Amino acid sequence: GDSVTQMEGPVTLSEEAFLTINCTYTATGYPSLFWYVQYPGEGLQLLLKATKADDKGSNKGFEATYRKETTSFHLEKGSVQVSDSAVYFCALSEGNSGYSTLTFGKGTMLLVSP
Amino acid sequence: NAGVMQNPRHLVRRRGQEARLRCSPMKGHSHVYWYRQLPEEGLKFMVYLQKENIIDESGMPKERFSAEFPKEGPSILRIQQVVRGDSAAYFCASSQGQHRDTIYFGEGSWLTVV
């Protein structure tokens, strides 16, 4: 079945550092890929997405490129802020049954200190 | 344009009681999904519903859990005779269509069983 593997956290960075959170996936077809962010005590917010190979999703300074050859969708940001502290979830949606449900990774906590 | 609305946000139940969680999808969305997030785990798919129909309940525990999405009113996730292991965050999500449509999440309902 489908699965998503994320690097374990927490990832601890100083403000303005470069961020990479690795995400790899296994899927039988051609999934759409997502990054969701969960701030403390809140629900999930869609951060960015990519629907086909080589697409780059971007939002709020975050980027991720859909790499079919390496089955990866790593999240990057050039300069993190304290307000980026949250849990980040990588997810895929395959929809082979004619509808889409999401398969999530376990999440990676990011802690940014001033 | 209101997002996915869930209530209650926090619910405390004693073992053996019933828990009812409600979800109103985004305006114009007719597809509803329920996910569960156990402590320190990623989100797991539970059930996918359209109006008056359960499409996929492959992630629902076989006993005590049920879901509905009536023609009028919110979707309801019902947990009968709750146990401590049911303590989790339950997230509802909705989408406009099916395949490859972006899924939007509510802020979650945190169930604590004491």
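For clarity, every value in this text was computed on a predicted model and none was experimentally measured. Throughout this document, residue positions are counted from 1 along each chain, in the order its sequence is written. Working convention: letters from A go to chains and numbers from 1 go to ligands, in the order in which they are written. pLDDT decides what is reported in this predicted model: residues at 70 or higher carry local features, side-chain atom pairs at 80 or more are listed and counted, and totals for whole chains, interfaces and linings draw on all residues regardless. Excluded from the side-chain calculation are hydrogens and water; included are all heavy atoms of the structure.

### Brief notes about the overall build of chain A
- The numbering of helices and of strands both runs from the N terminus, where a helix is a DSSP run of H or I of at least 4 residues and a strand a run of E of at least 2. Within chain A, the regular secondary structure consists of zero helices and twelve strands.
- In sequence order, chain A lays out its α and β elements as β-β-β-β-β-β-β-β-β-β-β-β.
- C-alpha atoms define the radius of gyration in this analysis, and the globule rule sets the expected value at 2.2 Å times the number of residues to the power 0.38. In terms of overall dimensions, chain A is globule-like: its C-alpha atoms have a radius of gyration of 14 Å, near the 13 Å expected for 114 residues.
- Taken along its principal axes, the extent of the C-alpha atoms in chain A is 45 × 30 × 20 Å.
- When a residue's accessible area, from a 1.4 Å probe over protein chains only, is under 20% of the maximum for its type it is buried; when over 50% it is exposed; and in between it is partly exposed. Taking all 114 residues of chain A together, the buried fraction comes to 46%.
- Excluding contacts between residues fewer than 6 apart, the proportion of contacts in chain A whose partners are at least 24 apart in sequence is 56%.
- Counting only carbon and sulfur atoms, one obtains 49% of the accessible surface of chain A, whose full area is about 5300 Å².
- The charged-residue count follows a simple rule in which Lys and Arg add positive charge and Asp and Glu add negative charge, with His and chain termini not counted at all. A charge is said to be at NZ when it belongs to Lys, at CZ for Arg, at CG for Asp and at CD for Glu. If you average the places of the 8 positive and of the 12 negative side-chain charges in chain A, the two averages end up 5 Å apart. Only heavy atoms matter for contacts: two residues are in contact if any of them lie within 4.5 Å across the pair. Shrake-Rupley sampling with a 1.4 Å probe provides the accessible areas, and residues are treated as covered by the protein chains on show and by no other component.

### Some points on the sheet that holds strand 1 (residues 5-7) of chain B
All names here are of chain B.
- The strand order 1-3-8-7 describes an open sheet built from four strands, whose pairing is antiparallel. The open sheet has two edge strands with one neighbour each: strand 1 and strand 7 (65-68). Ignoring which end each strand starts from, the neighbouring axes of this sheet average 15° apart.
- Each pair of strands is called paired provided DSSP finds at least two bridges between the two strands. By the bridge criterion, three bridges tie strand 1 to strand 3 (residues 19-24) in an arrangement that is antiparallel. Counted as the bridge partner of Met5 is Ser24 from strand 3. Angles shown run from 0 to 180 degrees and are taken between the N-to-C directions of axes, each axis being a line fitted to C-alpha atoms and, for helices, limited to the stretch in contact.

### A closer look at the interface of chain B and chain A
- If you look at the interface, chain B gives 22 residues, while chain A gives 23 residues.
- Here the buried area means the combined drop in accessible surface, using a 1.4 Å probe, for two parts upon being joined, counting both sides. Between chain B and chain A lies a buried interface of about 1800 Å² when both sides are counted; carbon and sulfur atoms form 53% of it.
- Salt bridges are defined by distance alone: a side-chain nitrogen of Lys or Arg within 4 Å of a carboxyl oxygen of Asp or Glu. On inspection of chain B and its partner chain A, the count reaches zero salt bridges.
- Think of a polar contact as two N or O atoms within 3.5 Å of one another; within protein, one of them needs to be a possible hydrogen donor and the other a possible acceptor, and neighboring residues in sequence only count if both atoms come from side chains. Our count for the chain B to chain A interface comes out at three residue pairs in polar contact (both at pLDDT 80 or more).
- At the level of secondary structure, the elements contributing two or more residues to the side of chain B that touches chain A comprise strand 4 (31-37), strand 5 (43-50) and strand 6 (53-56) of chain B.
- Nonpolar residues are Ala, Val, Leu, Ile, Met, Phe, Trp, Tyr, Cys and Pro. Charged residues are Asp, Glu, Lys and Arg, and all others, Gly as well, are polar. Looking at the side of chain B that touches chain A, its residues break down into ten nonpolar, six polar and six charged.

### Brief notes about the state of the cysteines
- Cysteine sulfur pairs qualify as disulfides if the two atoms are within 2.5 Å. Applying the stated criterion across every chain, the model contains two disulfides over all chains.
- With its sulfur 1.9 Å from that of its partner, A:Cys23 forms a disulfide with A:Cys90. With the S-S bond torsion at -70°, the cross-link from A:Cys23 to A:Cys90 turns out left-handed. Placement of A:Cys23 in strand 4 (residues 23-26) and of A:Cys90 in strand 10 (residues 86-93) is noted, with a sequence separation of 67 residues between them. When sorted by exposure, A:Cys23 lands in the same class as A:Cys90, which is buried.
- A sulfur-sulfur separation of 1.8 Å characterises the disulfide bridge that pairs B:Cys23 with B:Cys92. Handedness of the B:Cys23-B:Cys92 disulfide follows from its S-S torsion of about -60°: it is left-handed. Of this pair, B:Cys23 sits in strand 3 while B:Cys92 sits in strand 9 (residues 88-95), and the two are 69 residues apart along the sequence.

### Some details on the sheet that holds strand 8 (residues 62-65) of chain A
All names here are of chain A.
- Here four strands make up an open sheet; going across it, the order is 3-9-8-7 and the pairing antiparallel. Looking at strand neighbours, the two that pair on one side only are strand 3 (19-21) and strand 7 (56-59), the edges of this open sheet. Pairs of neighbouring strands in the sheet enclose a mean axial angle of 15°, with direction left out of account.
- Note: strand 8 against strand 9 (residues 75-77), three bridges, orientation antiparallel. Bridging from a neighbouring strand, Ala64 pairs with Leu75 of strand 9.

Keep in mind these numbers describe shape, not what the thing actually does.
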